[in-house]
Amino acid sequence: MICSNKRLKHKLNSIKPRPSLSHLYTHTSHSHPIVHTAMDTLPLLLTTALIGGGFYWFICVLGSAERKGKAAVNLSGGSIDDDKVQVNYNNYWSFFKTPKQIEKTEKVPAFVDTFYNLVTDIYEWGWGQSFHFSPALPGKSHLEATQIHEEMAVDLLNVKPGDKILDAGCGVGGPMRAIAAHSGANVVGITINEYQVNRATLHNKKAGLDKLCEVVCGNFLEMPFGDNTFDGAYSIEATCHAPKLEDVYAEIFRVLKPGGMYVSYEWVTTEFYDGENAEHVEIIQGIERGDALPGLRHYTDIAEVAKKVGFEVVKEKDLASPPAQPWWTRLKMGRIAYWRNHILVMILSFLGIAPKGTVDVHEMLFVTADYLTKGGETKIFTPMHMILCRKPE
């Protein structure tokens, strides 16, 4: 509607305009400089809080697989000096330039020791204190499934509280502690890596299990124990590091008392592995390179070797076979965690907190995880071929 009333127009024209908002803000800023400074500082404080909170979340909330395990800011090269981690990583790969070298018994201990110096902290930080796999169990966490898998091993040995049992290749002692707490047996673990001995001893004390758990630094191919010492023995995904399975089985047979039981979870190729299939060969070699293995054995070799050194084979089974749930799902589900961790490792390395070379080691383990996943999906590899043996009376 068009207004034609002259008096109304006059009133409208006589109304003075209000000051603009910009005028008010300008006036305020000149009159109150403290308010202006506070408004400029607030975004900076918020940004700083977000960055600081995010870094704390990376390290303290998501950075450790177990709260009592290794923290990201304490990643190291084990017994290797920080300034030599990169060199030792390069030396580790040099073993594979001449594969025949690592098949010699005298070369393997140094090869495996170097590997565990490089990876122990990363394993413990990103995986936990038990350096092995386990079948996924519905309704159970990874840590719960791992503990059940370990307790099953000692249940097979039929040991009683107070018995003395051997953990051949104990790592930082995750299985040892679970088994000692579950069975009441005294567990003596042996590992080639001195840094792992120190870590395991520390964890044993923190868990209040140092009276039941003892850790010895040594080579399980030449163990510093007398004949007929142990009431039982086990190895969980450890004897795969031996160049000849016969050598480590013979040593375990020697230190085991007559009538004693021995159980091992072995890394092997399965009946589905085809040595003429290029993809299969690449997968297995990828697993060997990334896990310090002088060569994976076929599952049919295990019982044959056990019998050769004198054991009676009581039972043999692939614990990864159906109805067991896939063990490699933990690796696939951990891809996001890997990238989160890898970013953190790069930041810590850039800041000089993590040793130079840690990024390369972490990336190597991720590539290896991919090969392990492919090994599980194609069914050509299993890390838990179980064999239960008895030393004759």
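Remember, predicted model here, so these are calculated numbers, not experimental data.

Engineer: Before we move on, can you summarise the nonpolar core with the specific residues and values?
Structural biologist: The biggest cluster of nonpolar side chains holds 43 residues, and the ones touching the most others in it are Tyr234, Trp267, Ile287, Trp327 and Phe381. Not counting residues up to four positions away in its chain, the partners in contact with Ile287 are Trp267, Leu293, Leu296, Thr368, Tyr371, Leu372 and Phe381. The next biggest cluster of nonpolar side chains, apart from the first, holds 30 residues, and it includes Phe230, Ala238, Tyr249 and Ile387.

Engineer: Residue-level account of the packing of helix H4 (residues 85–94) against helix H5 (residues 108–126), with values.
Structural biologist: Where H4 meets H5, the axes come as close as 10 Å, and the angle between the chain directions of the two elements is 135°. In terms of their interaxial angle, H4 and H5 are classed as oblique. In this structure, the crossing between H4 and H5 has a hand that is left-handed. Note on element contacts: H5 touches H4 through Phe111, Thr114, Phe115 and Leu118, opposite Val85, Asn88, Tyr89 and Tyr92.

Engineer: Can you explain the pattern of salt bridges? Please cite residues and give values.
Structural biologist: A complete count under the given rule lists 9 salt bridges for this structure. In this structure, Asp121 engages Lys70 in a salt bridge whose closest nitrogen and oxygen atoms are separated by 3.6 Å. Of this pair, Asp121 sits in helix H5 while Lys70 sits in the loop between helix H3 (33–61) and H4, and the two are 51 residues apart along the sequence. Taken as a pair, Asp121 and Lys70 share a single burial class, namely buried. Put simply, Lys308 and Glu246 hold a salt bridge, and the shortest N to O gap is 3.1 Å. With a gap of 62 residues between them, Lys308 in helix H11 (residues 299–308) and Glu246 in helix H9 (residues 245–255) connect regions that are remote in the sequence. Overall, Lys308 belongs to the exposed group, its relative accessible area being 59%. When salt bridges with common partners are traced through the structure, they connect Asp227, Glu251 and Arg254 into a single cluster.

Engineer: How would you sum up the confidence of the model for the chain? Please name residues and give values.
Structural biologist: Summing up the model confidence of the chain, the mean pLDDT is 86 and the portion of residues at 70 or higher is 80%. Note that residues 1–31 has pLDDT below 50 and, in this model, 3 contacts with residues that lie over four places away or in other chains. Throughout residues 63–67 the model reports pLDDT below 50, and contacts reaching past four residues in sequence, or to other chains, amount to 16 contacts.

Engineer: Hey, could you go over the state of the cysteines for me, with residue numbers and the actual values?
Structural biologist: Following the criterion strictly, the structure yields 0 disulfides and no others. With no disulfide partner, Cys217 has as its closest neighbouring cysteine sulfur the one in Cys170, 9.4 Å distant.

Engineer: Account for H5, with residues named and values stated.
Structural biologist: End to end, H5 covers 26 Å across 19 residues, agreeing with the expected 27 Å (1.5 Å per residue, within 8%). Of all the bends in H5, the greatest measures close to 45° and is centred on Val119.

Engineer: Which residues make up the side chain of Asn193, and what are the values?
Structural biologist: Looking at the secondary structure, you find Asn193 in the loop between strand E2 (186–191) and helix H8 (194–206). Classification of Asn193 as buried rests on a relative accessible area of 0%. A distance of 3.3 Å separates the side chain of Asn193 from the backbone nitrogen of Tyr195, its partner in a polar contact.

Calculation notes
Residues numbered from 1 in each chain as written. Predicted model: local features only at pLDDT ≥ 70, side-chain atom pairs only at ≥ 80, totals over all residues. Heavy atoms only, no water. Core = buried A, V, L, I, M, F, W, Y, C linked by side-chain atoms within 4.5 Å. Buried < 20%, exposed > 50% of the residue type's maximum accessible area, 1.4 Å probe, protein only. Contact = heavy atoms within 4.5 Å. Axes fitted to C-alpha atoms, helices over the stretch in contact; angles between N-to-C directions. Helix = DSSP H or I, 4+ residues; strand = E, 2+ residues; numbered from the N terminus. Parallel < 35°, antiparallel > 145°, perpendicular 65-115°, else oblique. Left-handed = near helix turned anticlockwise from the far one by under 90°. Salt bridge = Lys/Arg side-chain N within 4 Å of Asp/Glu carboxyl O. pLDDT = per-residue confidence, 0-100. Disulfide = S-S within 2.5 Å. Expected span 1.5 Å × (residues − 1). Bend = angle between axes of the 7 residues up to and from the residue. Polar contact = N/O pair within 3.5 Å; in protein donor to acceptor, adjacent residues only side chain to side chain.

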